[in-house]
Amino acid sequence: MDRTRLALTAVAAVLALPLVTAAQHADRTRYGDHFARFAASASAPASVRLRGAAVEAYDSDTGARRWTYGRRGSRPLALYRAPGHAVALWSDGMVTDTGPRRVRWHRAVPGLGAWLAGRGDRAAGVLQPLDAGGRMLAVVTPDRVSAFRAADGDLRWLLPAKKGCAFDPARTAHRAGVLLLAQPCRDGDSWSRELAAVDGLGKITPGRTPLGNDLPGEGPVDRGGIVVARPS
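Scope of this entry: the structure provided in the associated data block. (Residues numbered from 1 in each chain as written. Predicted model: local features only at pLDDT ≥ 70, side-chain atom pairs only at ≥ 80, totals over all residues. Heavy atoms only, no water.)

1. So, the overall build of the protein
Each helix and strand in the protein was counted, giving 2 helices and 18 strands. Buried residues in the protein amount to 36% of all 232 residues. Relative to all contacts within the protein whose residues are 6 or more apart in sequence, the contacts with residues 24 or more apart total 39%. About 13,900 Å² of surface is accessible on the protein, with carbon and sulfur atoms providing 56% of the total. (Helix = DSSP H or I, 4+ residues; strand = E, 2+ residues; numbered from the N terminus. Buried < 20%, exposed > 50% of the residue type's maximum accessible area, 1.4 Å probe, protein only. Contact = heavy atoms within 4.5 Å. Areas by Shrake-Rupley, 256 points an atom, 1.4 Å probe, with all protein chains shown as cover.)

Structure follows, in structure tokens:
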């Protein structure tokens, strides 16, 4: 009788092992994501906003919830909205882009989490659009400006702050497609030298030859030194 009981116990333990392993695996998602979709009409635009510890989307016509997204151990501090994109800045320094069906990408900016720690007010101005269509997004920190392509989160360029200076995310302005950034310096440089001007292609300087930001296969074609538009 004891042998039978021991055998049954052993079999039960073996059968339970895959379930325990699966549960542990599910709990160890790389970024702590919790994304849930709900039945809702897709005909109307979605209204996306921060609510508590989550980013949520609602049907603009009915008010029904479409999806909700949270991350274990973190909370959203700021949100940038563009057609088809909801880019959130999280308290641990992670930047995410969420679409109607899934979380598209995650990007961690060095030093951002430590700078935001306990200072949620600092999130204002960190996320900055770089063009009218929302194709490029800047993440502004005191140390650097990081520019990401919204479609896939690809890092396109970096602009470090000048030595002895720091960018101030709360002091920015948009003028004619240009993002102006305050960059105050310890030595009290002239105000004009404490400004940086950038757009989707990077820092604006005379005679620059920047890289483009098209997705692979979407940019212009170079045919024998003559650049022509790629056929659609």
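2. Topic: the pairing of strand β4 (residues 65–71)
Along β4, 6 of the 7 residues are buried, which leaves the element largely enclosed by surrounding structure. The pairing of strand β1 (residues 33–37) with β4 spans 5 bridges and is classified as antiparallel. Each residue of the ladder has a partner; that of Asp33, found in β4, is Arg71. From the end of strand β3 (residues 54–59) to the start of β4, which pair antiparallel, there are 5 residues, and Gly63 there has a positive phi angle of about 80°. (Pairing = 2+ DSSP bridges.)

3. Comments concerning the sheet that holds strand β6 (residues 85–90)
Spatially, the 4 strands line up as an open sheet ordered β5-β6-β7-β8, and their pairing is antiparallel. Two strands in the sheet have a free side with no partner beyond their single neighbour: β5 (76–82) and β8 (103–108). Averaged over all adjacent pairs, the angle separating strand axes in this sheet is 20°, with direction ignored. With 5 bridges connecting them, strand β7 (residues 94–98) and β8 associate as antiparallel partners. Pairing of Val95 across the sheet is with Arg107, part of β8. (Axes fitted to C-alpha atoms, helices over the stretch in contact; angles between N-to-C directions.)

4. Describing the state of the cysteines
The bond known as a disulfide is covalent and runs between the sulfur atoms of two cysteines. Scanning the entire structure with this criterion turns up 1 disulfide. One disulfide in the model links Cys165 with Cys185; its S-S distance is 2.0 Å. Taking the sign of the S-S torsion, about 95° here, the bridge from Cys165 to Cys185 comes out right-handed. Of this pair, Cys165 sits in the loop between β12 (155–160) and β13 (172–175) while Cys185 sits in the loop between β14 (178–182) and β15 (195–199); the two residues are 20 residues apart in sequence, bridging distant segments of the chain. Residue Cys185 is classed as buried on the basis of its relative accessible area of 12%. (Disulfide = S-S within 2.5 Å.)

5. Considerations on the pattern of salt bridges
As enumerated under the stated definition, the model contains 11 salt bridges in all. Between Arg71 and Asp33 there is a salt bridge whose closest N-O contact spans 3.9 Å. Taken as a pair, Arg71 in strand β4 and Asp33 in strand β1 lie far apart in primary sequence, 38 residues in all. A salt bridge links Arg149 to Asp154, with the shortest nitrogen-to-oxygen separation between them at 3.6 Å. Arg149 sits in the buried class, given a relative accessible area of 6%. (Salt bridge = Lys/Arg side-chain N within 4 Å of Asp/Glu carboxyl O.)

6. With respect to the packing of aromatic side chains
What characterises a pair of aromatic rings is the spacing of the ring centres plus the angle enclosed by the ring planes. Inspection of every chain in the model, using the stated rule, returns 4 aromatic pairs. With centroids separated by 6.4 Å and ring planes inclined at 55°, the aromatic side chains of Phe35 and Tyr69 adopt a geometry described as tilted. Taken as a pair, Phe35 in strand β1 and Tyr69 in strand β4 lie far apart in primary sequence, 34 residues in all. When its relative accessible area of 26% is taken as the criterion, Phe35 is described as partly exposed. What links up through ring pairs into an aromatic cluster is the set Phe35, Trp67, Tyr69 and Trp90. Looking at Arg49, its charged tip hangs above the ring of Tyr58, at a distance of 4.1 Å from the centre. Across the ring face of Trp90, the terminal group of Arg71 is positioned such that the distance to the ring centre comes to 5.4 Å. (Phe/Tyr/Trp six-rings, centres within 6.5 Å; stacked < 30°, edge-to-face > 60°. Lys NZ or Arg CZ within 6 Å of the ring centre and 35° of its normal.)

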